[in-house]
Amino acid sequence: MRSARRARLPGQSNRLPSRNASDKQAQSVPGRRGRTGAARSRRGEGRGQALYTGVPRRRRRQGKAIDADRRCRGQPRARSREQSRPERRHEAGMAAAAGMAAAGGPRRRLVHLDMKGAPPRASYLAEVLPLLRALGATGLLLEYEDTFPWSGPLEPLRAPHAYSPGEVRAALSQARAQGLEVVPLVQTFGHMEFVLKHKEFAHLREVKMFPNALNPHKEESRALVKAMIDQVMALHEDLKWFHIGCDEVYYLGEGEESKQWLQQQDNTPEKLCLSHIKAVASYVASSYPAVTPIVWDDMLRGMSEETLAESGVPQLVQPMIWDYAADLDVEGKVHLIEKYRRCGFSKVWFASAFKGATGVNQSLTLIGHHLKNHLQWLKVARSSPAGVLEGIALTGWQRYDHFSVLCELLPVAIPSLAVCLQALKNGGYSEKIKENVEKLLGMSNLETETFMSTSLGTFPGSNILPLVTQVSFYLKSSVDELLERNRYVTGWFSPYHRKRKIIHPIIMHHFQPDAVSLLSKWNAVVQDLQAAMEQVFHKCTVEEWMEENVHPSLQKLQQVVCSEMCPTFHRQVLPQHVAAGLFNFGLDLQSLKYIKPSVLNPALISLRLGN
């Protein structure tokens, strides 16, 4: 099995470009809601390994940053002459009062794992949790969606690759062992596609045609929500918070029952929204008194203070204010927090993004964008009223919504997550912090202002990052270079020529060797990537990512290599791994008759092929 490496491709320079050359890596969309090899590389030896394999964290205990981490876990801070100074005790007390660690960042830092796309295998979660703790996470925000082991009447919600109850319990036990607090997230109003797409629950849609929002008028809707909450609660022990979603409730008020309700005096869409949130939050409060509900805040932002205060919702929930822009409005966020305080909300959460918020089909993570987003949130935290901040969730959206394509894969975005966590933990980002991130990840040079870094890492799944980088930057461009800018292809082997079978055989000699060589190189890269991904993800995720990011370009190349208008090619024997790759990547079986049977692996296909 080949190691994860950068293959030198035609037209590729030694230096990686600072901008993504493919159409997919278009300009980022600040503020958009992110949702809506071979075997896994061996872990590094020496210093890097101890940081995420459960070895005591003595090696990373350095001064104030470590004392802040100890206070987050309720441990006494280390004694030293410098830390015993009155002014430092005063600063630490002020930070704690504001919900901040002494180093300057929020005390609670939840890493959001979005399972509605590319859910990691349970074995990978077990590997990555110690790393998250070492990077500065204090908890997890788990959005299961269809990967939860729903049972009974809710079993239709369960995806074929859903976690088993045993896998969920094991992951929760591993999180506790790492000192990570778990907050489950279950959508209960908007983004209910994973529920309402099923025929068993389609009658509970707010608008008959659209499966995104729940009808808040039906008693059956509330019974559904209660059953979902109960099943998730049953697998989670000692919870302090439970996220009930309630964001982006599109088309609320446009259902027939809602239209009738809104015709009544004093009824408004805002009151309709708040009444459902209150009903769900009240159920959590009455059934699980020790648990505080959290809600996304976007549906609340535009409501008047009077409407919010009179609803009774502020006494039941904590809003999570989300904004993923690199230039988020600090002053505006502070004013919003003050408004929420006046309405009666005792605490608020922030929500940033370390991935999945700059493009619906983004495959690589621009770390610089997400770092700036977190630095802005630090400014908001420092300017907020004392005691208001409960914590921050670093969201890592895997899809924009249940039906959209995949965003960046988790292993690809771990360097971004590391940078953002360390910035939050230390209250900023510096060259010293960058060096610590590189040490934690086992990377020699971490770039933040480009889409990738040229150095390999030792973190779990690190061999996926360079391979995804190669595919994202060079696959489409190298194929286009051959098919659209090679004078022999465009001049003598165009679709017109191929369709009418009017081609000069000598033309094949001018580009066919390059095409076969290019296909061979990409086949090797993609086989390495597929093997690496299968160690982290289920087969359905690997297939989806390949079909979206690899097949469109590779199949164009395969069609040229195996064209029946290539008479000289028919007498040519391809390397076996190239021929096998053609079959693996879905080449039309009719095209295989132009490849000699001797080069095909009998285990892959057994056909009687014509001449």
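This structure is a prediction, so every number in the text was calculated from the model and none was measured.

(A) Quick look at the packing of aromatic side chains. Counted according to the given criterion, the structure contains eleven aromatic pairs. When the ring of Y144 is compared with that of F148, the centres are 5.2 Å apart and the planes differ by 70°; the resulting orientation is edge-to-face. On the basis of relative accessibility, which here comes to 1%, the residue F148 falls in the buried class. Members of the aromatic cluster, each reached through a chain of ring pairs, are Y144, F148 and W150. A cation over an aromatic ring shows up here: R301 above the ring of W322, its NZ or CZ 4.9 Å from the ring centre.

(B) Layout of the pattern of salt bridges. Counting across every chain of the model gives 16 salt bridges. A salt bridge links E390 to R108, with the shortest nitrogen-to-oxygen separation between them at 2.7 Å. Of this pair, E390 sits in strand β10 (residues 389-396) while R108 sits in the loop between α3 (86-97) and β1 (109-114), and the two are 282 residues apart along the sequence. Taking relative accessible area as the criterion, E390 reaches 10% and is therefore assigned buried. The partly exposed category is assigned to R108, whose relative accessible area is 23%. Between K240 and E181 there is a salt bridge, and its shortest N-O distance comes to 3.8 Å. Within this pair, whereas K240 is found in the loop between α7 (219-235) and β6 (241-243), its partner E181 is found in strand β3 (residues 181-185), the two being separated by 59 residues in sequence.

(C) How the structure looks around the pairing of strand β2 (residues 139-143). β2 sits mainly inside the fold: five of its five residues count as buried. Burial along β2 is two-sided: G139, L141 and E143 facing one way and L140 and L142 facing the other are all buried. By the bridge criterion, five bridges tie β1 to β2 in an arrangement that is parallel. Opposite L113, over in β2, you have L142 as the bridge partner. In the classification by handedness, the crossover that spans β1, the intervening helix α4 (residues 122-135) and the parallel β2 is right-handed.

(D) Up close: the confidence of the model for the protein chain. Here the protein chain averages 81 in pLDDT, while 74% of its residues score no lower than 70. Note on residues 1-97: pLDDT under 50 across the span, and 209 contacts to partners over four residues away in sequence or across chains.

(E) Local environment of helix α12 (residues 367-383). Helix length check: α12 (17 residues) gives 25 Å between terminal C-alpha atoms against 24 Å at 1.5 Å per residue, within 8%. Of all 17 residues in α12, twelve are buried; the element is thus mostly enclosed. On its buried face, α12 is in contact with β8 (318-322), α11 (330-343), β9 (348-355), β10 and α13 (410-426).

(F) The packing of α7 against helix α9 (residues 269-287), seen in detail. Close contact between α7 and α9 brings their axes to 11 Å; oriented N to C, the two are set at 40°. Handedness of the crossing formed by α7 with α9: right-handed. Here R222, V225, K226, I229, D230 and M233 of α7 lie close against α9, whose contacting residues are S275, A279, V280, Y283 and V284. In terms of residue class, the contact of α7 with α9 is built from seven nonpolar, one polar and three charged.

(G) Region of interest: the environment of V317. Residue placement: V317 occurs in the loop between α10 (305-311) and β8. The class for V317 is buried, based on a relative accessible area of 3%. Taking the C-alpha atoms as reference points, V317 and V295, separated by 22 residues in sequence, lie 6.7 Å from one another. Discounting residues that sit within four places of it in the chain, V317 has contacts with A281, P293, V295 and F345.

(H) Highlighting unusual backbone geometry. Even without a glycine there, the phi angle at A118 is positive, about 45°. Relative to the assigned elements, A118 resides in the loop between β1 and α4. Exposure remark for A118: the relative accessible area of 5% places this residue in the buried category. Even without a glycine there, the phi angle at E145 is positive, about 50°. Its place among the elements puts E145 in the loop between β2 and α5 (165-177). The class for E145 is buried, based on a relative accessible area of 6%.

(I) The packing of α4 against α13, seen in detail. With their axes 10 Å apart at the nearest point, α4 and α13 run at an angle of 20° to one another. One way to sum up the angle between α4 and α13 is to call them roughly parallel. For the crossing formed where α4 meets α13, the hand is right-handed. Contacts between α4 and α13 pair Y124, V128, L131, L132, A134 and L135 from the former with L410, P411, I414, L417, A418, L421 and Q422 from the latter. Classifying every residue of the contact of α4 with α13 gives twelve nonpolar, one polar and no charged.

(J) Broad picture of the pairing of β8. With five of its five residues buried, β8 lies for the most part within the structure. Residue alternation in β8 divides its side chains into two sets, Q318, M320 and W322 and P319 and I321, and both sets are buried. In this region the chain leaves strand β7 (residues 292-296), passes through α10 and returns to the parallel neighbour β8; the handedness of that crossover is right-handed. Across three bridges, the pairing between β8 and β9 is parallel. Looking at the pairing, M320 lines up with W349 of β9. Remark: the β8/α11/β9 crossover connection has right-handed handedness.

Procedures and definitions
Residues numbered from 1 in each chain as written. Predicted model: local features only at pLDDT ≥ 70, side-chain atom pairs only at ≥ 80, totals over all residues. Heavy atoms only, no water. Phe/Tyr/Trp six-rings, centres within 6.5 Å; stacked < 30°, edge-to-face > 60°. Buried < 20%, exposed > 50% of the residue type's maximum accessible area, 1.4 Å probe, protein only. Lys NZ or Arg CZ within 6 Å of the ring centre and 35° of its normal. Salt bridge = Lys/Arg side-chain N within 4 Å of Asp/Glu carboxyl O. Helix = DSSP H or I, 4+ residues; strand = E, 2+ residues; numbered from the N terminus. Pairing = 2+ DSSP bridges. Right-handed = clockwise from strand over helix to strand, strands pointing away. pLDDT = per-residue confidence, 0-100. Contact = heavy atoms within 4.5 Å. Expected span 1.5 Å × (residues − 1). Axes fitted to C-alpha atoms, helices over the stretch in contact; angles between N-to-C directions. Left-handed = near helix turned anticlockwise from the far one by under 90°. Nonpolar A, V, L, I, M, F, W, Y, C, P; charged D, E, K, R; others polar. Parallel < 35°, antiparallel > 145°, perpendicular 65-115°, else oblique.

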